[in-house]
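# Structural features, examined
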Amino acid sequence: MIVRSGLGYDVHRLVEGRALVVGGVILPHKKGSLGHSDGDALIHAIVDALLGALALGDIGTHFPDSDPRWKDAPSRIFLEEASQQVRKEGYEIGNVDTTVILERPRLRPHIAAIRQNLASIMGIRTEQISVKATTHEKMGFLGEEKGWACQAIVTLVKNENER
Ligand code: MG
């Protein structure tokens, strides 16, 4: 059995007049995520972790923000493609663990929906994906609600005998 791990991290500004999309789920809030795409930092962190595990660069090389195709694009497209890439390379997703650093609103009521949505995009079971929430204790740009950040770690597995 070959096991690979990948790490992802992403930050976006929080501004008025944008939707706050977290793992493909829209959270009702007065501020949203600024980005070329929909600014879904959770999905971006997971995509970077998947690409990192495959040593295939990062989200910026695969989906550059200079490309008008990705303007306001739903980030689920990136996650679908990265998940397909994993299988193309002969791997299965073992598990995904994430932390969302968001001062407000409270993430907890949405975690079940976010996990379900991410699992369906990646073609895995809900039990394989963990979404944890924390605040930044009102300190720094995250704590002052100028932005939000996400961390992700993934493991990919491949049965050597099948290849
Ligand atoms: Mg991003």
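The following paragraphs examine the structure supplied in this document.

Conventions used here
- Residues numbered from 1 in each chain as written.
- Predicted model: local features only at pLDDT ≥ 70, side-chain atom pairs only at ≥ 80, totals over all residues.
- Heavy atoms only, no water.
- Salt bridge = Lys/Arg side-chain N within 4 Å of Asp/Glu carboxyl O.
- Buried < 20%, exposed > 50% of the residue type's maximum accessible area, 1.4 Å probe, protein only.
- Helix = DSSP H or I, 4+ residues; strand = E, 2+ residues; numbered from the N terminus.
- Expected span 1.5 Å × (residues − 1).
- Donors = N, O, S within 2.8 Å, 3.2 Å for Na, K, Ca; no water.
- Phe/Tyr/Trp six-rings, centres within 6.5 Å; stacked < 30°, edge-to-face > 60°.
- Pairing = 2+ DSSP bridges.
- Axes fitted to C-alpha atoms, helices over the stretch in contact; angles between N-to-C directions.
- Contact = heavy atoms within 4.5 Å.

## Structural notes on the pattern of salt bridges
Under the definition given, this model contains nine salt bridges. Here aspartate 67 ties to arginine 69 by a salt bridge, and the two come within 2.9 Å at their closest N and O atoms. According to the relative accessible area criterion, aspartate 67 is buried, its value standing at 17%. A residue is classified by how much of its surface remains accessible, and arginine 69, at 59% relative accessible area, is exposed. The residue glutamate 144 makes a salt bridge to lysine 146 at a minimum N-O spacing of 3.0 Å. What emerges from the salt-bridge pattern is a single network uniting Arg18, Lys71 and Asp72.

## Focus: helix α1 (residues 41-53)
The end-to-end C-alpha separation of α1 is 18 Å, in line with the 18 Å expected for 13 residues at 1.5 Å each. Most of α1 is tucked away, with 12 of its 13 residues classed as buried. Backbone geometry just downstream of α1 places alanine 55 in the positive-phi region, at approximately 55°.

## Some thoughts on the environment of arginine 125
Mapped onto the elements, arginine 125 comes out in the loop between α4 (111-122) and β6 (129-134). On a C-alpha basis, the gap between arginine 125 and leucine 107 in space is 21 Å, while along the polypeptide they are 18 residues apart.

## Some points on the coordination of the magnesium ion
Looking at the magnesium ion, one finds its protein donor set to be Asp10 (OD), His12 (NE2) and His44 (ND1), positioned 2.2 Å from the metal centre. Sequence spacing of the donor residues for the magnesium ion, all on one chain, is D-x1-H-x31-H. Linking histidine 12 in strand β1 (residues 2-16) with histidine 44 in helix α1, this pair joins segments that are 32 residues apart in sequence. Neither residue differs from the other here; histidine 12 and histidine 44 are each classed as buried.

## Comments concerning the packing of aromatic side chains
Under the counting rule described, the total for this entry stands at three aromatic pairs. Ring centres of tryptophan 70 and phenylalanine 78 lie 5.4 Å apart, and the angle between their planes is 85°; on these two criteria the pair is classed as edge-to-face. We note that tryptophan 70, like phenylalanine 78, is buried. Here a set of aromatic residues connected by ring pairs shows up, and it is made of Phe63, Trp70 and Phe78.

## Comments concerning the sheet that holds strand β4 (residues 31-33)
Strand order in the open sheet made by the five strands is β4-β1-β7-β5-β6, with mixed pairing throughout. A single partner strand is all that each edge strand has here, and the edge strands are β4 and β6. The average undirected angle you get between the axes of adjacent strands in this sheet is 20°. For β1 and β4, the ladder comprises three bridges, and the chain directions are antiparallel. Each residue of the ladder has a partner; that of valine 15, found in β4, is glycine 32. Along the sheet, α1 makes contact with β1, β5 (92-101), β6 and β7 (147-158), crossing β1 at roughly 155°. Packed onto the sheet, helix α3 (residues 76-88) meets β5 and β7 and runs at close to 150° relative to β5.

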